[in-house]
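Listed here are the chains, written in short residue letters.
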Amino acid sequence: MFDAKEIDFTQIEADPADGLDDGTGLGRGFAVGGGVAAAVVEAISHLDPGREVPIEYGDGLRECRKMLQMARAGKRNGYLLEGMACPGGCVAGAGTIQPVKQSAASVEQFKKQAADQSCTTSPYLHRLADVEE
């Protein structure tokens, strides 16, 4: 759609007031398979450094279903389960027009450009207190 309308995102400047460029590196990685789990594990390591978090990841609907069946059978108790319907994550979604590896590499580059990598060092961490009240 964007190509058909000749929209070039490299020519669009972000409004600094919207905060869209302020996301942490791990938050930016949610769109790639395993990205959500990586962020959760990293945050837990800051809050409880000795805690190990076993992870199971489902890549595509078939693997997600298998993962959930194993969990239902009690074989993944205590696991952090992450499933992505699209193999490779959202970067491989239905609207993808470039190879998944290229999209994942672009996300990785975007992650590295973040001022903060961890959600525990995010300048927006104080907003969580507002949610808890």
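Every value quoted in this text rests on a predicted model; they were computed, and no experiment measured them.

Student: It is not clear to me how the overall build of the protein chain should be interpreted in this structure. Could you clarify?
Tutor: In terms of regular secondary structure, the protein chain is built from five helices and two strands. When its helices and strands are written in sequence order, the protein chain yields α-α-β-α-β-α-α. Within the protein chain, the proportion of its 133 residues that are buried is 22%. A separation threshold of at least 6 residues defines the contact pool for the protein chain, and within that pool the share at least 24 residues apart is 62%. With the model as given, the accessible surface of the protein chain reaches about 9800 Å², and the carbon-plus-sulfur share is 56%.

Student: Help me understand the pairing of strand S2 (residues 80–84), please; the structure alone is not making it clear to me.
Tutor: Within a regular strand, the side chains alternate between the two sheet faces. Two strands pair when backbone bridges link them, and strand S1 (residues 55–59) and S2 are joined in this way by five bridges, in the parallel orientation. By the bridge assignment for S2, Glu56 is matched with Leu81.

Student: What am I meant to see in the environment of Cys90 here?
Tutor: Inspection of the secondary structure puts Cys90 in the loop between S2 and helix H4 (100–112). Distance in space between the C-alpha atoms of Cys90 and Asn77 is 26 Å, their sequence separation being 13 residues. Residues in contact with Cys90, not counting those within four places in the same chain, are Ala31, Met84 and Thr96.

Student: Please explain the layout of surface pockets as it appears in this structure.
Tutor: A probe as big as a water molecule, rolled over the atoms, marks out the empty space that is left. Taken as a whole, the largest pocket encloses approximately 420 Å³ of empty space. What lines the largest pocket is a set of 13 residues, and nearest its centre among them are Phe2, Phe9, Gly95, Ile97 and Gln98. For the lining of the largest pocket, the class distribution of residues is seven nonpolar, five polar and one charged.

Student: How should I be thinking about the pairing of S1 in this particular structure?
Tutor: Alternating residues of S1 divide into Glu56 and Gly58, all buried, and Ile55, Tyr57 and Asp59, none buried. In the classification by handedness, the crossover that spans S1, the intervening helix H3 (residues 61–72) and the parallel S2 is right-handed.

Student: Is there a simple way to think about H4 in this case?
Tutor: One turn of an α-helix holds 3.6 residues; hence residues three or four places apart share an orientation. Compared with the 18 Å implied by 1.5 Å per residue over 13 residues, the 18 Å span of H4 between its first and last C-alpha is a close match. Buried residues in H4 make contact with helix H1 (25–28).

Student: Help me understand the pattern of salt bridges, please; the structure alone is not making it clear to me.
Tutor: Where charged atoms of side chains with opposite charge meet at close range, the side chains can pair. According to the stated counting rule, one finds three salt bridges in the structure shown. Residues Asp48 and Arg51 are paired through a salt bridge, measuring 2.9 Å at the closest nitrogen-oxygen approach. Between Arg76 and Glu56 there is a salt bridge, and its shortest N-O distance comes to 2.3 Å. Of this pair, Arg76 sits in the loop between H3 and S2 while Glu56 sits in strand S1, and the two are 20 residues apart along the sequence. The pair formed by Arg76 and Glu56 is uniform in burial state, with each residue classed as buried.

Student: I'm lost on the environment of Ala129 in this one. Help?
Tutor: Looking at the secondary structure, you find Ala129 in helix H5 (residues 127–132). Sequence separation between Ala129 and Glu56 is 73 residues; the distance between their C-alpha atoms is 30 Å.

Calculation notes
- Residues numbered from 1 in each chain as written.
- Predicted model: local features only at pLDDT ≥ 70, side-chain atom pairs only at ≥ 80, totals over all residues.
- Heavy atoms only, no water.
- Helix = DSSP H or I, 4+ residues; strand = E, 2+ residues; numbered from the N terminus.
- Buried < 20%, exposed > 50% of the residue type's maximum accessible area, 1.4 Å probe, protein only.
- Contact = heavy atoms within 4.5 Å.
- Areas by Shrake-Rupley, 256 points an atom, 1.4 Å probe, with all protein chains shown as cover.
- Pairing = 2+ DSSP bridges.
- 1 Å grid on protein atoms, 1.4 Å probe; cavity = no way out; pocket = protein on both sides within 12 Å on 5 of 7 lines; lining within 4 Å.
- Points joined across faces, edges and corners; volume = space filled by probe spheres on them.
- Nonpolar A, V, L, I, M, F, W, Y, C, P; charged D, E, K, R; others polar.
- Right-handed = clockwise from strand over helix to strand, strands pointing away.
- Expected span 1.5 Å × (residues − 1).
- Salt bridge = Lys/Arg side-chain N within 4 Å of Asp/Glu carboxyl O.

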